[in-house]
Amino acid sequence: MVVVDDVITTGGSTIQAIDAIEEAGGQIAFVIVLVDREEGGRANIEKRGYQVVPIFTRADLTDNK
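Residues numbered from 1 in each chain as written. Predicted model: local features only at pLDDT ≥ 70, side-chain atom pairs only at ≥ 80, totals over all residues. Heavy atoms only, no water.

Draft legend 1. Representation of the sheet that holds strand 2 (residues 30-36). Strand order in the open sheet formed by three strands is 1-2-3, and the pairing between neighbours is parallel. In this open sheet, the two strands that pair with only one neighbour each are strand 1 (2-8) and strand 3 (52-57). Here the average twist between neighbouring strands, direction ignored, is 15°. Across six bridges, strand 1 lies against strand 2 in parallel orientation. Looking across to strand 2, one finds that Val4 is bridged to Ile32. Along the sheet, helix 1 (residues 12-23) contacts strand 1 and strand 2; its crossing angle with strand 1, the most-contacted strand, is approximately 165°. (Pairing = 2+ DSSP bridges. Helix = DSSP H or I, 4+ residues; strand = E, 2+ residues; numbered from the N terminus. Axes fitted to C-alpha atoms, helices over the stretch in contact; angles between N-to-C directions. Contact = heavy atoms within 4.5 Å.)

Draft legend 2. Fine view of the nonpolar core. The biggest cluster of nonpolar side chains holds 11 residues, and these are Val3, Ile8, Ile15, Ile18, Ile21, Ile28, Val31, Val33, Ile45, Tyr50 and Val52. When residues of this core are traced back to their parent elements, those giving at least two are strand 1, helix 1 and strand 2. It is helix 1 that provides the largest number of residues to this core, a total of three residues. (Core = buried A, V, L, I, M, F, W, Y, C linked by side-chain atoms within 4.5 Å. Buried < 20%, exposed > 50% of the residue type's maximum accessible area, 1.4 Å probe, protein only.)

Draft legend 3. Inspection of the side chain of Asp36 at higher detail. Relative to the elements of secondary structure, Asp36 occurs in strand 2. Salt bridges are absent for the buried Asp36, whose nearest opposite-charge side chain, Arg42, sits at 4.3 Å. In terms of polar contacts, Asp36 uses its side chain to reach the backbone amide nitrogen of Glu38, at 2.8 Å. For Asp36, the contacting residues outside a window of four places in its chain are Ile8, Arg42, Pro54, Phe56, Thr57 and Arg58. (Lys, Arg positive; Asp, Glu negative; His and termini not counted. Salt bridge = Lys/Arg side-chain N within 4 Å of Asp/Glu carboxyl O. Polar contact = N/O pair within 3.5 Å; in protein donor to acceptor, adjacent residues only side chain to side chain.)

Draft legend 4. Spotlight on the side chain of Asp5. Checked against the element boundaries, Asp5 lands in strand 1. No salt bridge is formed by the buried Asp5. Its closest oppositely charged neighbour is Arg37, at 11 Å. Side chain to side chain, Asp5 and Thr14 meet in a polar contact 2.5 Å long. If near-sequence neighbours (up to four positions away) are discounted, Asp5 is found in contact with Ser13, Thr14, Ile32, Val33 and Leu34.

Structural measurements only, silent on function.
Listed below in structure tokens is the structure:
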């Protein structure tokens, strides 16, 4: 199963979704997110052992690379 989220900031909402899926017996392959706001959420999810694939990061959208 793939978890899809629109935006991650701290990762809290995505982690809640992951927990609910796992409690129901699902297995997560990875997480895909439209925008990573680069405020620690990706790291928090990856600490749980899941790969996070952002479509865009804050830097991509603000041209602050």
